[in-house]
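Observations on the model geometry
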Amino acid sequence: MRTDGIAGVLLAGGLSRRMGGGDKSLRTLGGRSILERIIATVRPQVGPLVLNANGDPARFAAFGLPVAADVVEGFAGPLAGVLTGMEWARANAPQCRWLASFATDAPFIPGDLVARLVAAVERDGADLACARSDGQEHPVFGLWRVDLADDLRRAMVEEDMRKVDAWTARYRLAVADFAIDPVDPFFNTNRPDDLAEAERLMAAGLVR
């Protein structure tokens, strides 16, 4: 599966309540915004890339990415971001049969994330894949079939589906495991204390 046949969506549509509001992804870590770090890691792994964010898109203008607001209203969570990415890919990148999703509060995600999700899908003949570390699945770091967009929209609109794992349970889900030594690559900066810990990890040379 070629990377140019995989679209990417950066999920930045949440309310960041635990961080005190605002955009978690625009917080600074090691002199760069978390979003800038994530884009640098993600860009080589996918073809077309879209940022899913609500509100004024102008605040992300410096990143040079298309910005798509949730296609389901009411801050419906990461599933809404995945659906937004699927529908954006279908309209703007019809050559892409797959969509990779990335949370934008995890500054240390692996450079081979998509390759390993693809390998998991091919290994298991699956419809979807997600990352796992330390026994915990991370469905927001996933690989999704774009042609499931209509099914997902129906589930969200007609069934009020909001839980990612409730929806993925309907399909064949493959899992790609990642080591947590020296740092869990899916460590996320939900709270100010997490941001301070991320700075400490960087200062200690455990991550870049």
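Note that the structure is predicted; figures quoted are calculated from it, not measured.

With that out of the way, let us pick up the overall build of the protein. The helix and strand tally for the protein stands at 6 helices and 9 strands. The C-alpha radius of gyration computed for the protein amounts to 16 Å, which stays within 12% of the reference 17 Å derived for 208 residues, consistent with globular compactness. Projected onto its principal axes, the C-alpha coordinates of the protein cover approximately 45 × 40 × 30 Å. Across the 208 residues that make up the protein, the buried fraction comes to 51%. Taking the contacts inside the protein whose residues are at least 6 apart along the sequence as the reference set, 70% of them involve residues at least 24 apart. When the accessible area of the protein is evaluated, it comes to approximately 9600 Å², of which 48% is carbon and sulfur surface. Side chains of the protein carry 24 positive and 28 negative charges; the gap between the two charge centres is 1 Å.

This brings us to the packing of helix 2 (residues 78–92) against helix 4 (residues 149–158). Two elements in contact, helix 2 and helix 4, have axes whose closest approach is 10 Å; the angle formed by their N-to-C orientations is 145°. Between helix 2 and helix 4 lies a crossing of left-handed hand. Side by side, helix 2 and helix 4 meet where Leu79, Ala80, Val82, Leu83, Met86, Glu87 and Arg90 of the first sit next to Ala149, Asp150, Leu152, Arg153 and Met156 of the second. For the contact of helix 2 with helix 4, the class distribution of residues is 8 nonpolar, no polar and 4 charged.

Let's shift gears to the layout of surface pockets. Put simply, the second largest pocket is a space of about 330 Å³. Phe108, Ile109, Pro110, Val207 and Arg208 are the residues nearest the centre of the second largest pocket, which is lined by 16 residues in total. Considering every element that reaches the lining of the second largest pocket, the biggest residue donor is helix 1 (residues 34–42), with 3 residues. Residues of the lining of the second largest pocket, tallied by class, amount to 11 nonpolar, 1 polar and 4 charged.

Calculation criteria
Residues numbered from 1 in each chain as written. Predicted model: local features only at pLDDT ≥ 70, side-chain atom pairs only at ≥ 80, totals over all residues. Heavy atoms only, no water. Helix = DSSP H or I, 4+ residues; strand = E, 2+ residues; numbered from the N terminus. Rg over C-alpha atoms; globule rule 2.2 N^0.38 Å. Buried < 20%, exposed > 50% of the residue type's maximum accessible area, 1.4 Å probe, protein only. Contact = heavy atoms within 4.5 Å. Areas by Shrake-Rupley, 256 points an atom, 1.4 Å probe, with all protein chains shown as cover. Lys, Arg positive; Asp, Glu negative; His and termini not counted. Charge placed at Lys NZ, Arg CZ, Asp CG, Glu CD. Axes fitted to C-alpha atoms, helices over the stretch in contact; angles between N-to-C directions. Left-handed = near helix turned anticlockwise from the far one by under 90°. Nonpolar A, V, L, I, M, F, W, Y, C, P; charged D, E, K, R; others polar. 1 Å grid on protein atoms, 1.4 Å probe; cavity = no way out; pocket = protein on both sides within 12 Å on 5 of 7 lines; lining within 4 Å. Points joined across faces, edges and corners; volume = space filled by probe spheres on them.

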